[in-house]
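Given next are the chains, with one letter for each unit.
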2 protein chains.
Amino acid sequence: MSTLAERVLNKEIRGVARLITLLENNSSEATDDMKSLFAHTGKAFIIGMTGAPGAGKSTLVDKFTAELRARELTVGIIAVDPTSPFTGGAILGDRIRMQQHSTDDGVFIRSMATRGTLGGLTASTNGVVNVMDAYGKDIVLIETVGVGQDEVEIVKTAHSTIVVTVPGLGDEIQAIKAGILEIGDLFVVNKADKEGADETARELEIMLSMSQEKLDWKPPIIKTVATKDEGIKELVDKVFEHKEYLEESKNIVDKNRIQIETHMKDVLREETIQRVFKALGGEEEFEKLIHSVAERKLDPYTAVEQILEKVLKKK
Amino acid sequence: MSTLAERVLNKEIRGVARLITLLENNSSEATDDMKSLFAHTGKAFIIGMTGAPGAGKSTLVDKFTAELRARELTVGIIAVDPTSPFTGGAILGDRIRMQQHSTDDGVFIRSMATRGTLGGLTASTNGVVNVMDAYGKDIVLIETVGVGQDEVEIVKTAHSTIVVTVPGLGDEIQAIKAGILEIGDLFVVNKADKEGADETARELEIMLSMSQEKLDWKPPIIKTVATKDEGIKELVDKVFEHKEYLEESKNIVDKNRIQIETHMKDVLREETIQRVFKALGGEEEFEKLIHSVAERKLDPYTAVEQILEKVLKKK
């Protein structure tokens, strides 16, 4: 019987799907496979795409992917959705994604839900990127709804980050957008056939010129109408210009280093927490401590110190 | 010289501000003070307020606070803003908050910025709640922009959570709203003088009736026009009805337990990570590992195992 890692390298789609599910569940079963796959990673070019809800990212990803396929590149897509805090399900996950690619072996699509504050999401997203990379996808595209810090963090590990906006968003949304200005390598004004597209592009240009100078790479602003397939070729061209820039300037070495550092810190965080909770000897002991704190017999900080005393080696 | 904890208990506002700053920076300097303050907590009633950008929450908080003051209650306000991922600054933090309360000793306002995936935000938010509680505020109000999981997590530790919406938000925003439906103890349709307010209230009612039944408490839907001070008294009345319900049903014991569990897990997470990174012996060793992983001589999972081997006690 083949391991999941072998099945991924043999391009067995069900092995890929299975391994990603294990990663999503932070299952330790995935670890051995991920270890042996890692040597086969580092080949894919990773693109992040983020923007406000309603910016038309799904359609854009759809057309963007079609253009990459026309250039005979294979694509892995990771769509990250905000999660309902109580059910744990992805809110937008049931939207129908890119049906035209569903029968194309050259495209692999996976929806993932953010999980809250454990840092588990970024840990598993980086792992999923590794799986798609080892699976042989030329391009890995991470799409997130740019509503929160978590979502934005994810695209920081991409080689090229595309920030998508549209004309006529409200003021408060514009303010939030300012926060993701700094992470964009490329900017898209989608729905550019709507009123105000030129103003939006101009505003973007002004805001970009005011933010810290990126010495060598000036982020281009591309107008698209994804529903009509307008501007998509130019966007793909610009992404490859950015890729070329990264390679020639050797900045890609830094980007890779940052990606690996982020990945390692996320895995470290996740593993540490899991082991500490495990070492607590199950929930029972933790429950006892909660009870004492709830009764104000103990404070949370002293309780945590007692736990760490048991778990960590002395230095 | 007095400790910060003593200064908080003596109601010295600058001591309060200083301790909160230490908490925000996850400084270990705060720990001893937090330990001694903890016995003085558990008296404040904690209210969470969340909703989409543009729902008019700031004005609502303003009027809500004025009504609480009219009832001779003191108020601590924690306003949580999404953070710019690169600068680390709060995006909306510079909006001018509630100037009418700035000279009122009975109101203490603090803006905080979310910090990303470390879980540091919730850890410090719970700490700040403790400080305001020990400082003697009757009500602690946590206001967040309900854009991400992180922000929503925060209000989960409140006794009463108010979800604010407005008429005429787009479809996609409505979809996100569905995710926070389940956390609301009370719902507000603000800007209720705008077209579609009745429809929005009716839709909410339908959605609430479809979600899991809350056996004893049926979340009320209150229409407000915060700018005109309409509906605010009713909202405050309803919050106190909810408080009474929690106390009579003893559900407040569960809410307190959940708050303490969340707080302890957050502190545990934060402390563990800090100590593990510290125990790594500074950045140098970690850098070496990153370098090996970047060169694919080592995989991230094995690297993390090596680190944990050094840091954790054997079981």
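Preceding block: the structure.
As a starting point, this report considers the structure included with it. (Residues numbered from 1 in each chain as written. Chains lettered and ligands numbered in written order. Predicted model: local features only at pLDDT ≥ 70, side-chain atom pairs only at ≥ 80, totals over all residues. Heavy atoms only, no water.)

As for the overall build of chain A
Along chain A, the regular secondary structure elements total twelve helices and seven strands. Across the 315 residues of chain A, 56% fall into the buried class. Within chain A, contacts between residues separated by at least 24 positions form 75% of all contacts whose residues are at least 6 apart in sequence. Accessible area of chain A: about 13500 Å², with a carbon and sulfur share of 49%. (Helix = DSSP H or I, 4+ residues; strand = E, 2+ residues; numbered from the N terminus. Buried < 20%, exposed > 50% of the residue type's maximum accessible area, 1.4 Å probe, protein only. Contact = heavy atoms within 4.5 Å. Areas by Shrake-Rupley, 256 points an atom, 1.4 Å probe, with all protein chains shown as cover.)

Here we look at the pairing of strand β4 (residues 139-145) of chain A
Residue and element names in this part refer to chain A. In terms of residue burial, β4 counts as a mostly covered element, since seven of its seven residues are buried. The two faces of β4 match: I139, L141, E143 and V145 on one face and V140, I142 and T144 on the other face are all buried. Pairing geometry for strand β1 (residues 45-51) and β4, over seven bridges, is parallel. Counted as the bridge partner of I47 is L141 from β4. (Pairing = 2+ DSSP bridges.)

Quick notes on the pairing of strand β5 (residues 160-165) of chain B
All names here are of chain B. Counting buried positions over the six residues of β5 gives six, a clear majority of the element. Note: strand β1 (residues 45-51) against β5, five bridges, orientation parallel. Among the inter-strand pairings, T50 is bridged to a residue of β5, identified as V163.

With respect to the packing of helix α9 (residues 232-248) of chain B against helix α10 (residues 251-279) of chain B
Residue and element names in this part refer to chain B. Running from amino to carboxyl end, α9 crosses α10 at an angle of 95°, the nearest separation of the two axes being 5 Å. Regarding the angle of α9 to α10, the classification is roughly perpendicular. For the pair α9 and α10, the contacting residues are H242, Y245, L246 and E247 in the first and N251, I252 and K255 in the second. Class assignment for the residues of the contact of α9 with α10 results in three nonpolar, two polar and two charged. (Axes fitted to C-alpha atoms, helices over the stretch in contact; angles between N-to-C directions. Parallel < 35°, antiparallel > 145°, perpendicular 65-115°, else oblique. Nonpolar A, V, L, I, M, F, W, Y, C, P; charged D, E, K, R; others polar.)

Observations regarding the packing of aromatic side chains
Enumeration over the complete set of coordinates arrives at four aromatic pairs over all chains. Look at B:W217 and B:Y245: their rings are 5.5 Å apart centre to centre, the planes differ by 25°, and that puts the pair in the stacked class. Taken together, the residues B:W217 in the loop between α8 (197-210) and β7 (221-223) and B:Y245 in helix α9 connect sequence positions 28 residues apart. Like B:Y245, B:W217 is buried. One residue, A:K243, lies across the ring of A:F45, its end atom 5.6 Å from the ring centre. (Phe/Tyr/Trp six-rings, centres within 6.5 Å; stacked < 30°, edge-to-face > 60°. Lys NZ or Arg CZ within 6 Å of the ring centre and 35° of its normal.)

A closer look at the pattern of salt bridges
Here the structure, examined in full by the defined rule, presents 40 salt bridges over all chains. Members of the salt-bridge network, linked through shared partners, are A:E67, A:R71, A:K233 and A:D237. (Salt bridge = Lys/Arg side-chain N within 4 Å of Asp/Glu carboxyl O.)

Things to note about helix α2 (residues 13-24) of chain A
All names here are of chain A. If you check α2, its first and last C-alpha atoms are 17 Å apart, about what twelve residues at 1.5 Å a residue would give, namely 16 Å. Looking at α2, one finds that the buried residues are G15, V16, L19, I20, L22, L23 and E24. Residue N26 follows α2 closely and has a positive phi angle near 50°. (Expected span 1.5 Å × (residues − 1).)

Digging into the packing of helix α12 (residues 300-311) of chain A against helix α3 (residues 31-38) of chain B
It is the contact of α12(A) with α3(B), at a shortest axis distance of 8 Å, that shows an interaxial angle of 120°. With respect to α3(B), the axis of α12(A) lies oblique. Facing α12(A), whose interface residues are A:P300, A:Y301, A:T302 and A:E305, α3(B) presents B:T31, B:M34, B:K35 and B:F38. Within the contact of α12(A) with α3(B), the residues separate by chemical class into four nonpolar, two polar and two charged.

Topic: the nonpolar core
Ranked by internal contacts, the top residues of the largest apolar core, which has 96 residues, are A:I78, A:V131, A:L268, B:I78, B:V131 and B:L268. Beyond its immediate stretch of four places on either side in the chain, A:V131 contacts A:V8, A:V16, A:L19, A:I20, A:L23, A:M34 and A:L37. (Core = buried A, V, L, I, M, F, W, Y, C linked by side-chain atoms within 4.5 Å.)

Notes on the side chain of B:N126
All names here are of chain B. By the secondary structure assignment, N126 is in helix α5 (residues 120-134). Residue classification places N126 among the buried residues on the basis of a relative accessible area of 2%. If we ignore the near neighbours within four places in the chain, the residues touching N126 are T157, Q259, T262, H263 and D266.

Points about unusual backbone geometry
Among all residues save glycine, negative phi is the norm, and among peptide bonds the norm is trans. Residues and elements named next belong to chain A. Its identity is not glycine, yet K191 carries a phi of approximately 55°, on the positive side. If you trace the backbone, K191 turns up in the loop between β6 (186-189) and α8 (197-210). Positive phi values are uncommon outside glycine, yet K250 reaches one of about 65°. Note that K250 resides in the loop between α9 (232-248) and α10 (251-279).

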